[in-house]
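Breakdown of the fold
Here is what each chain is made of, one letter per residue.
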Amino acid sequence: MSGSRLMALGHYQPARVLTNDELAGLVDTSDEWIRSRVGIRTRRVAGEAETVDFMAAEAAAKALANAGLARADIDLVLVATCTAVDRSPNTAARVAARLELPSPAVMDINVVCSGFTHALASADHAIRAGAARNALVIGVEKFTSVTDWTDRTTCVLVGDGAGAAVVTAAEEPGIGPVVWGSVPEMGHAVRIEGSPSVFAQEGQSVYRWATTQLPPIARQVCLRAGIEPADLAAVVLHQANLRIIEPVARKLGAVNAVIATDVTESGNTSAASIPLALSKLVERGEVASGAPVLLFGFGGNLSYAGQVIRCP
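The structure reproduced in this document is the subject of the present report. (Residues numbered from 1 in each chain as written. Predicted model: local features only at pLDDT ≥ 70, side-chain atom pairs only at ≥ 80, totals over all residues. Heavy atoms only, no water.)

**Quick notes on the sheet that holds strand 14 (residues 303–310)**
Spatial ordering of the open sheet is given by 8-14-13-11-12, a layout of 5 strands whose pairing is mixed. Each end of this open sheet is capped by a strand with a single partner; those strands are strand 8 (179–182) and strand 12 (258–259). In terms of strand pairing, strand 8 meets strand 14 through 4 bridges, oriented antiparallel. Bridge pairing links Val-179 to Gly-306 in strand 14. On the sheet, helix 5 (residues 115–128) packs against strand 8, strand 13 (292–299) and strand 14 and is oriented at approximately 55 degrees with respect to strand 14. (Pairing = 2+ DSSP bridges. Helix = DSSP H or I, 4+ residues; strand = E, 2+ residues; numbered from the N terminus. Contact = heavy atoms within 4.5 Å. Axes fitted to C-alpha atoms, helices over the stretch in contact; angles between N-to-C directions.)

Right under this line is the structure:
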């Protein structure tokens, strides 16, 4: 096999919906303030029993069912998350145990908001190298568990959920070359630090970096995939903030693409945001099978990773 492709997707979100009006009862904010600054209307909040590995396994089980593969076919599980509580067993191992997968390699990847696209590239590389044939790649976060609910600049942003993809070997590659990197000296701009861990960020620094530095990198992703931005069928950026998504997509020049805006109803779910949004687009039939889609994650560290994939 000369490459890999996305075979199927699945996602999971908690039932609990937290509205802007409810948040206005916790901090000095309002529905109008939140919508005008970040574009978010609602977000999902996980309950105590909805752990990171539980949500990841739920999304992965749906992706596996949609792919029509047997559990024994999966030989690699990669989980992108920055909100797992325990260090060992890692989240990937716990997902494998929940799904009763026989003997996969299991690895967690923490690159915060660009974790899923890093994990997807890693799965593609492993398959191309012959180290795996069928992989589960999952992005999952319980971001509300590291949130300061008295900080109106961050608590209005976050949500919980998971998205998963089955990636399989293919004669015709359906996952393009990754473009990835970071700005280590600006890593302090997005932080989850301390004990207990708390999410904090320098919002204006992140906004300026994302809206000015990322569009040329996103165009480079398209160039490496051999496609013009105007020929993209969809663009799924990290669902950080509608006020970041809109200018980045506009500057990219993807004039004919569906632009994922799941952030408006799900909030910022960090590593889960790209597979969650993509899974919903596919489930609703908004992107045709085989169509080119740009996936581009960015955020903590400040890191980024993107690739053009063919829609399952």
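On we go.
**Some points on the packing of helix 7 (residues 203–225) against helix 8 (residues 242–252)**
As a packed pair, helix 7 and helix 8 sit with axes 9 Å apart at the nearest point and diverge in direction by 40 degrees. Between helix 7 and helix 8, the interaxial angle falls into the category oblique. Judged by the twist between their axes, the crossing of helix 7 over helix 8 is right-handed. Contacts between helix 7 and helix 8 involve Tyr-207, Ala-210, Thr-211, Pro-215, Ala-218, Arg-219 and Cys-222 from the first element and Arg-243, Ile-244, Pro-247, Val-248, Lys-251 and Leu-252 from the second. By residue class, the composition of the contact of helix 7 with helix 8 is 9 nonpolar, 1 polar and 3 charged. (Parallel < 35°, antiparallel > 145°, perpendicular 65-115°, else oblique. Left-handed = near helix turned anticlockwise from the far one by under 90°. Nonpolar A, V, L, I, M, F, W, Y, C, P; charged D, E, K, R; others polar.)

**A look at the pattern of salt bridges**
Between side chains of opposite charge, a pair can form as their charged atoms come close. Counted by the stated rule, this structure contains 11 salt bridges. Linking Arg-16 and Glu-22 is a salt bridge whose minimum nitrogen-to-oxygen distance equals 3.2 Å. On the basis of relative accessible area, Arg-16 is assigned to the partly exposed category, the value being 40%. Residue classification places Glu-22 among the partly exposed positions, given a relative accessible area of 34%. Between Arg-94 and Asp-86 there is a salt bridge; the shortest N-O distance is 2.8 Å. Exposure remark for Arg-94: the relative accessible area of 28% places this residue in the partly exposed category. A cluster of three or more residues bridged by salt bridges with shared partners is formed by Arg-191, Glu-193 and Glu-202. (Salt bridge = Lys/Arg side-chain N within 4 Å of Asp/Glu carboxyl O. Buried < 20%, exposed > 50% of the residue type's maximum accessible area, 1.4 Å probe, protein only.)

**Side note on the packing of helix 3 (residues 52–67) against helix 4 (residues 91–99)**
It is the contact of helix 3 with helix 4, at a shortest axis distance of 9 Å, that shows an interaxial angle of 55 degrees. Compared by their axis directions, helix 3 and helix 4 come out oblique. Viewed along their axes, helix 3 and helix 4 form a crossing whose handedness is right-handed. Each of Val-52, Asp-53, Phe-54, Ala-56, Ala-57, Ala-60 and Ala-61 in helix 3 lies in contact with helix 4, whose residues at this interface are Thr-91, Arg-94, Val-95, Arg-98 and Leu-99. Looking at side-chain class alone, the contact of helix 3 with helix 4 contains 8 nonpolar, 1 polar and 3 charged residues.

In short, geometric facts, not functional conclusions.
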